[in-house]
Amino acid sequence: MRQIPAVSRRLLLGGALATGALAAGTGQAVGASAGSAAPVLTSAAPKRRPGQKSMIGVAYEPRRTVRTAVIGLGNRGYEMSAGWSAIPGCAVTAVCDIRADRTKRTADRLVQLGKPRPAEFGGSDTSYAEMLERDDIDLVYIATPWEFHYEQGRAALLAGKHVIVELPIATELDELWDLVDTSERTRRHLMLSENCCYGRNELAMLRMAHEGVFGEVTNGHGGYLHDLRELLFSDTYYTDAWRRLWHTRSTASFYAMHGLAPVAAAMDINRGDRMTVLRATATEPRGLADYRKRFVPRSHPSWKETYINGDLVTCLIDTAAGRVIRAEHDVSSPRPYSRINSLAGSRGIFEDYTGTSRTGGRVYLEPDHSGHTWHDFESYRKEFDHWLWRKLADDAANGGHDGMDYILQWRTVQQMRAGLVPDIDVYDSAAWCSPVPLSVTSLAAGGRPVAMPDFTRGQWVNHRPGLDSRATEMPPAG
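Residue indices begin from 1 for each chain and proceed along its sequence in written order. Given that the model is predicted, a residue must reach a pLDDT of at least 70 before its local features are reported, and side-chain atom pairs must reach 80 or more before they are shown or counted; all residues, however, enter totals for whole chains, interfaces and linings. As a rule here, side-chain values come from all non-hydrogen atoms in the structure, and water together with hydrogens is ignored.

A. Up close: the overall build of the protein. A run of H or I in DSSP becomes a helix once it reaches four residues, and a run of E becomes a strand once it reaches two; helices and strands are each numbered from the N terminus. Looking only at helices and strands, the protein features 17 helices and 15 strands. By its C-alpha atoms, the protein is 60 × 55 × 50 Å across when sized along the principal axes. The buried share of the protein, taken over its 478 residues, is 58%. A contact between two residues is defined here by any heavy atoms of the two lying within 4.5 Å. Pairs at least 24 residues apart make up 75% of the contacts formed inside the protein by residues separated by at least 6 positions. Summary of the burial criterion: residues with accessible area below 20% of their type's maximum are buried, those above 50% are exposed, and those between are partly exposed, where the area comes from a 1.4 Å probe applied to protein chains only.

B. Structural context of the packing of aromatic side chains. Ring pairs are drawn from Phe, Tyr and Trp, using the six-membered ring of Trp, whenever the two centres fall within 6.5 Å, and their geometry is named by plane angle: stacked under 30 degrees, edge-to-face over 60, tilted for the rest. Taken as a whole and assessed by the stated rule, the structure comprises 17 aromatic pairs. Geometrically, the ring pair formed by Tyr238 and Trp242 is edge-to-face, given 5.6 Å between the ring centres and 85 degrees between the ring planes. The pair formed by Tyr238 and Trp242 is uniform in burial state, with each residue classed as buried. Taken together through their ring pairs, the aromatic side chains of Trp146, Tyr224, Tyr237, Tyr238, Trp242, Trp246, Phe254, Tyr255, Tyr337 and Tyr353 make up a single cluster. Ring-over charges, as used throughout, are those where CZ of Arg or NZ of Lys falls within 6 Å of the ring centre and within 35 degrees of the ring normal. Residue placement shows Arg109 over the ring face of Tyr78; its charged tip is 4.7 Å from the ring centre. Note that Arg292 overlies the ring of Trp303, its terminal NZ or CZ placed 4.6 Å from the centroid.

C. Expanded view of the sheet that holds strand 6 (residues 190-192). Read across the sheet, six strands follow the order 3-2-1-4-5-6 without closing on themselves; strand pairing throughout is parallel. At either margin of the open sheet sits one strand with a lone partner, and together these are strand 3 (119-122) and strand 6. The mean angle between the axes of side-by-side strands here comes to 20 degrees, regardless of whether they run parallel or antiparallel. Strand pairing is assigned whenever DSSP detects at least two bridges linking the two strands. As judged from the six bridges shared by strand 1 (residues 66-71) and strand 2 (residues 90-97), these two strands associate in the parallel manner. Paired with Ala69 across the bridge in strand 2 is Ala94. To obtain each axis, a line is fitted to C-alpha atoms, and for helices this fit is confined to the stretch in contact; angles are then taken between N-to-C directions over 0 to 180 degrees.

D. Geometry of helix 10 (residues 242-249). Burial runs high along helix 10: six of the eight residues are buried. Here helix 10 has its buried residues at Trp242, Arg243, Arg244, Trp246, His247 and Arg249.

E. Spotlight on unusual backbone geometry. Residues Leu167 and Pro168 are joined by a peptide bond in cis, for which omega reads -20 degrees. Looking at the element boundaries, Pro168 is found in the loop between strand 5 (162-165) and helix 7 (173-186). Cis rather than trans, the peptide bond between Glu366 and Pro367 has omega equal to 10 degrees. Relative to the assigned elements, Pro367 resides in the loop between strand 13 (362-365) and strand 14 (375-376). A positive phi angle is found at Arg187, which is not glycine, with a value near 60 degrees. Locating Arg187 in the fold gives a position in the loop between helix 7 and strand 6.

Below you can see the structure in the form of structure tokens.
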């Protein structure tokens, strides 16, 4: 956890990455849609080392208690530490942050909640490595700034721990591949902490898709549209302004996974279909500079910054089955919060964040509806409510992000304690995060289509369970 993070030259110099790929004429290419330019090549899938095997279908080894360590104790890590400690059969055994006062604050809070005091690590950018040497850690949860996720996630795998990482798990293509390979070599799972996949509407939408309610699913639309301008210019919310600084370094779709992942899950991406080609577009970067001009004093250090990332970055993604996903990212514009969360097919459509009902969703489905009139989503959500929400809604009510955090944490602990296969694996995680570096390449190439890697190395053709799971119990404590 370096105080002054290193900036990847690949992300900073996206044009060189794209030009090099084109000039080399090597790598992985998938045909683009008819009439479009040939896709920019991406690096070929690295060969597995001798003895290295897929992690698809590999269950956690069952255990009585999931001993969890937390790296990164800012806003997110601090709150999630308490969340992990509240799950039956989970104990927070260690906490770490480069700022030692944060480790003490977090440990004090856990004691106040009636939990055993975790071991405290902090004060150095290598404190997390010292913590990973402990033998009382089964799961490492990482909530540091984006630039540290790859390094810390990889170190945790090599230390023999399972890992859950906040978005994204890595920001470069070779890093994503390395996390896949490291997971396969160590036989430890790495999972993106994508709480939105456990949203109540998202899971109901997924079940409706799998039940054929939309007919043949043809397209989906998701994203992360969140006015973060006030927080980005806050001197306290994002430590050392790390998140704002990303807007000075790269043109990329930084955080669209919140909307992309649930749509991809509903389409069975990596479970019978896969994402093949990405094209990115971006508006001019106007929002942050305009906000600074109107609301930030001239003495503020942000006045030395130049913002280069477009306010709205849109990725159009093709799949092998002929579907299209539109994924958007915008944190620089004045607007109400939305993850978009829409799915459509030959027999109807669901749209979220419409404000038409208690659920926020609306539907138009044949043969139930006619007359070109939207209908309320509530009765459909009730019918297709996922078993996790039927079981845990009351417990999740006090959890963060409308209960999604609690559902994510409960399900992760349950799967580890019961010895189940994870709902979200390293291949899902890498695929959902790949638009970060691929959007850099596409934008640098003038919006050219970019071939998307197959992190499963061909196993995407096989249907297998995922988030649409069957009901199971949390093993009894003790």
